[in-house]
Amino acid sequence: MKMPNPDPPTLWDLVQKTGLPAEFSLSDSHGAVALGALDGGTCLGIELEQVRGRTVVVYTERQRSAALAAVELDGVARRIVLCPPDLAVAKLASVIANAGVELILSDKPEALAGQVDVRVAACGLPARPAPPRPAEAFETEWLLFTSGTTGNPKMVVHTLQSLTGPAVAGAAHAAPARWSTFYDIRRYGGLQILLRALAGGAPMALSEADEPVGEFLVRLGDFGVTHISGTPSHWRRALMSPAIRNISPGYVRLSGEIADQAVLKQLQSAFPQAKIAHAFASTEAGVAFDVSDGLAGFPADWVRRADAPVEMRVQDGSLRIRSARLASAYAGDPARQLADAEGFVDTGDTVELRDGRYYFTGRREGVINVGGLKVHPEEVEAVVNLHPNVRMSRVKARKSPITGAIVVADVVLEDRDGFTFTQTRDEILATCRQLLAAHKIPVTLREVEHLEINASGKLLRVNA
Amino acid sequence: MSDSTDISIRETIIGEIHRIAALHNKTLAALTDSLPLLESGLDSLCIAVLVASLDDALEIDPFSDDDELAFPVTLGDFIQLYEDAES
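Below or above, wherever it landed, is the structure these notes cover. (Residues numbered from 1 in each chain as written. Chains lettered and ligands numbered in written order. Predicted model: local features only at pLDDT ≥ 70, side-chain atom pairs only at ≥ 80, totals over all residues.)

1. A closer look at the overall build of chain B
- A count of helical and extended segments in chain B gives three helices and zero strands.
- Secondary structure elements of chain B occur, N-terminal to C-terminal, as α-α-α.
- Across the 87 residues in chain B, those meeting the buried criterion constitute 34%.
- Summarising the internal contacts of chain B: among those between residues at least 6 apart in sequence, 57% fall at separations of at least 24. (Helix = DSSP H or I, 4+ residues; strand = E, 2+ residues; numbered from the N terminus. Buried ≥ 20, exposed ≤ 12 C-beta atoms within 10 Å, placed from the backbone. Contact = placed C-beta atoms within 7 Å.)

This is the structure in structure tokens:
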């Protein structure tokens, strides 16, 4: 943290610099709010002066409340902790401890009454008149949650600068844009789009968790979306909706999962006029590149290119990244190294070289990506292994044309009589349904004689 | 799992849809050919499970090797995809 540091512009500086055109707004299914509402107004139920230099959790039901709060807080708060929508209230205690939280902002503050040990203040619409913003600016830290972690949630530390630049090769900056994303803006992929819209003075339509994809697409059609992003799984789902005809974007972006040739071709066929790009980004490593030649994978000569703003290496089969867009540390866990001695972050995403191009093959440690949600095989194995008839199990990915991958399990049973595999399987699945989220439950359980163990005694895992 | 030699692909698909919906506590709409799959009550995960189950039951995966394949929108499209892949 540097303080006070007037040099880097704050998010509000970027927003204000657009001239706040009338159409510059954030909309959801409840309507649109113009960013101009924050010019002399505030959506916070607490004076900005009282937030100055504090660590603030933004824990909202609606994305719009979180986005507006972030615009106001950057440059004023010491740290903004942007909570994803599925973060349970019970997990807030560890977030408060790890990030040194002093205040929670929520658009449903009453729901937190008696549940947390720190002050809770309201945020959300309507805006009310506000005194001028504090003149001195902090270089606020943005704490973002890494996806799919088990146990207590992990957060990495970014700044507005690491989140917004420098621009990567192939990124589109066409104007005038009308942005949207299937992502939640409280996740890295969605936040990238929000920040592009905010810095560009462009209107943006936000997704909503419970809104059926058909209704969202109709809303995007009415909105006139021109630039839109999502995971390949988001896009496959959209392509299966008759309402896909409502939109005709000029720029379609995929990230967060492996973009295969099939989904790229299907999108190009659905939107013949559009530029279809797939990007590689992660919460820890930031945005590395955009590929817009219509092909899966990326050109091999992008690796080890010297003068690039984002440097890439392939080492031990996985992609490593060094750039100004990396997160700087894990919050609350300073001993845990994010980058190696040379400053490269190991993304854990494995690649293989074929015909002058690198293709993503999966995750090195076997993490399974089900429609953008990560599943750690060990977590599922621990539940499968609870059954007394199970000696050991291995959970792995099976390819899916719909969600990229689904979870399956191989099970070695105890060597004794008195039970059948079918009965044991049904009992295991019943336990999984009690203890695991739907995307983590094995779709099939297969009985196997044995599972291979590697030289160091660990279960041999293969890539998704 | 159904035996594909005794009953039709359509019946197998409909049966699997009911089985998966029950497993995932989803309420199904009336299953007509014109029903958009995403309005059937199955979410993306259920449809992914359905495709995997049908691969096991029928040994057909029309999505596997066909980059040009258009995603099925209605239940009728979906069934047709499997019937075409078998013939």
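That was the structure; now back to the text.
2. A look at the interface of chain A and chain B
- Contact with chain A, which involves 24 residues of that partner, is made by 21 residues of chain B.
- If you list the elements that add at least two residues to the side of chain A that touches chain B, you get α7 (213-223), α8 (232-239), α9 (261-270) and β23 (390-400) of chain A.
- For the side of chain A that touches chain B, the per-class residue count stands at ten nonpolar, ten polar and four charged. (Nonpolar A, V, L, I, M, F, W, Y, C, P; charged D, E, K, R; others polar.)

3. A look at the pairing of strand β25 (residues 444-447) of chain A
Residue and element names in this part refer to chain A.
- Direction of pairing for strand β24 (residues 404-413) relative to β25: parallel, over a ladder of four bridges. Bridge pairing in β25 places Val-408 opposite Thr-444.
- Regarding the hand of the β-α-β motif, the stretch spanning β24, helix α11 (residues 421-435) and β25 is right-handed. (Pairing = 2+ DSSP bridges. Right-handed = clockwise from strand over helix to strand, strands pointing away.)

4. Quick notes on the packing of helix α1 (residues 9-23) of chain B against helix α3 (residues 75-86) of chain B
Residues and elements named next belong to chain B.
- For the pair α1 and α3, interaxial distance at closest approach is 10 Å and the crossing angle is 135°. Between α1 and α3, the interaxial angle falls into the category oblique. The hand of the α1/α3 crossing is right-handed. In this structure, α1 uses Ile-9, Arg-10 and Ile-13 to contact α3, whose residues at the interface are Ile-79, Tyr-82, Glu-83 and Glu-86.
- Among the residues forming the contact of α1 with α3, the class breakdown is four nonpolar, no polar and three charged. (Axes fitted to C-alpha atoms, helices over the stretch in contact; angles between N-to-C directions. Parallel < 35°, antiparallel > 145°, perpendicular 65-115°, else oblique. Left-handed = near helix turned anticlockwise from the far one by under 90°.)

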